[in-house]
Each structure stands twice: as structure tokens, then as C-alpha cells.
Amino acid sequence: MKARIFLFIGVLGSLLASCSSAKSVSGKVYKKNVHASYYADKFNGRKTASGEKFHNSNYTAAHKKLPFGTKVKVTNIANEKSVLVEINDRGPFVPGREIDLTKKAFMEIADNKNHGSLRVNIEIIN
């Protein structure tokens, strides 16, 4: 009987801990000092992994693991400019890159418009 009670308390504790940790991620920095890049224009009009059409003029992004529909705040470390984007695709598939932004989102936070990547912090909003 005692073993069942301890097992129940252990399972309940694990469930509560997993719920609270998921909530604590929201509004917190997800990744610090990672590389962001942007999509090439050739992807305009193609389907994303979520099934939506890609448009470089939107505020969307690709990430390997974050669920579709997740809204993230991406902040350029060099100038503290930030942009809100929604994850609707998978990628980037270039080693060392964490997130691919649309060109519009990328240019909004970039100082040097001639570079294709920058260092950012990523914060989950929802």
C-alpha cells in the first residue's frame, strides 16, 4: 500500500513539475547568442513545412524544433533591435545556424544590410 502511495505521489509530482517548467519557458530567453540568417528570395511562393505559402515580406521564421505557431522575439545582440515572428517552417539546415527569418524581419533588426547572418537572442512569447 505504501509503495502505491509513493508511486502516486512521484507520478503526480512529475506531472506538476513538467507543467510548471513548460509555463516558465514562455517569456524567457530560449537561446542566447546564436546565429540567425534569412531566406533567399527564391523561396517566395513555395510551401513551408507547416503548409503555408512562404513570403519574404511576412514576419515568419524557420526553426528546427519549436512548434509551428510559436511566436518568438528575436533580438540582435549588437544593437538591441528586436522583431516578433511566428514559426511556420523547419530549418535552417546550415550547421551553426539556429533560426531563419524572412528577409523583412531580418532587415528590420540588422545594422549591416550586406551580411547574411547575425548574432541574436531568441525569446519565446507564447
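Please refer to the structure higher up on the page.
For the structure given in this document, a descriptive report is provided here. Worth saying up front: this structure is predicted, and the values here are computed from it rather than measured. (Residues numbered from 1 in each chain as written. Predicted model: local features only at pLDDT ≥ 70, side-chain atom pairs only at ≥ 80, totals over all residues. Heavy atoms only, no water.)

1. Describing the overall build of the chain
Under the convention used in this document: Secondary structure elements are taken from DSSP: a helix is a run of H or I of four residues or more, a strand is a run of E of two residues or more, and numbering for both begins at the N terminus. Using a 1.4 Å probe on the protein chains alone, a residue whose accessible area is under 20% of its type maximum counts as buried, one over 50% counts as exposed, and one in between counts as partly exposed. In this description, contact between two residues means that some pair of their heavy atoms is separated by no more than 4.5 Å. Methods summary: accessible areas were calculated by the Shrake-Rupley approach with a probe of 1.4 Å, and residue burial reflects only the protein chains presented.
Helix and strand content of the chain: two helices and six strands. Secondary structure elements in the chain, listed N-terminal to C-terminal, are α-β-β-β-β-β-α-β. The buried share of the chain, taken over its 126 residues, is 29%. Looking at the chain alone, contacts between residues at least 24 apart form 72% of all its contacts between residues at least 6 apart. Of the roughly 7900 Å² of accessible surface on the chain, a fraction of 58% belongs to carbon and sulfur atoms.

2. Thoughts on the nonpolar core
This is how it is decided: Nonpolar cores were defined as sets of buried Ala, Val, Leu, Ile, Met, Phe, Trp, Tyr and Cys residues, with membership established by side-chain atoms within 4.5 Å.
V72, V74, V85, I99, L101 and V120 are the most contacted members of the largest nonpolar core, which totals 19 residues. Setting aside residues no more than four positions away along its own chain, V72 makes contact with L66, V83, L84, V85, I87, I99, I122, E123, I124 and I125.

3. Some thoughts on the sheet that holds strand β1 (residues 29-38)
The strands making up a sheet are joined through hydrogen bonds of the backbone, oriented either antiparallel or parallel. Threshold: Any two strands are treated as partners once DSSP identifies two or more bridges connecting them. Axes here mean lines fitted to C-alpha atoms, for a helix over just the part in contact, with angles spanning 0 to 180 degrees between N-to-C directions.
The strand order β1-β5-β2-β4-β3-β6 describes a closed barrel built from six strands, whose pairing is mixed. Neighbour to neighbour, the strand axes of the sheet diverge by 45° on average, direction disregarded. With three bridges joining them, strand β2 (residues 60-63) and strand β5 (residues 97-101) adopt antiparallel strand pairing. Within β5, the residue paired with A62 across the bridge is D100.

4. Observations regarding the packing of aromatic side chains
Applicable threshold: Only the six-membered ring of Trp is used, alongside the rings of Phe and Tyr, when aromatic pairs are assigned; centres must lie within 6.5 Å, and planes under 30 degrees apart are stacked while those over 60 apart are edge-to-face, with the rest tilted. Definition used: whenever NZ (Lys) or CZ (Arg) falls within 6 Å of the ring centre and also within 35 degrees of the ring normal, the charge is taken to sit over that ring.
Under the definition given, this model contains three aromatic pairs. Each ring, one from Y39 and one from F43, has its centre 6.0 Å from the other, and the planes form 75°; the classification is edge-to-face. In this structure an aromatic cluster arises from ring pairing among Y39, F43 and F54. One Lys or Arg, R90, reaches over the ring of F68 and ends 4.2 Å from the middle of that ring.

5. Observations concerning the pattern of salt bridges
Two side chains bearing opposite charge may form a pair once their charged atoms approach each other closely. Rules: Definition used for salt bridges: Asp or Glu carboxyl oxygen within 4 Å of a side-chain nitrogen of Lys or Arg.
With the rule as written, the count across this model stands at three salt bridges. In this structure, the salt-bridge partner of K31 is E98, at a minimum N-O distance of 3.9 Å. Note that K31 is positioned in strand β1 and E98 in strand β5, a separation of 67 residues in sequence. The exposure class of E98 is buried, given its relative accessible area of 16%. Salt-bridge contacts for K103 lead to D41; the nearest nitrogen and oxygen are separated by 3.3 Å. With K103 in helix α2 (residues 103-109) and D41 in the loop between β1 and β2, this residue pair connects regions lying 62 residues apart in the sequence. Overall, K103 belongs to the partly exposed group, its relative accessible area being 27%. The exposure class assigned to D41 is partly exposed, which follows from its relative accessible area of 44%.

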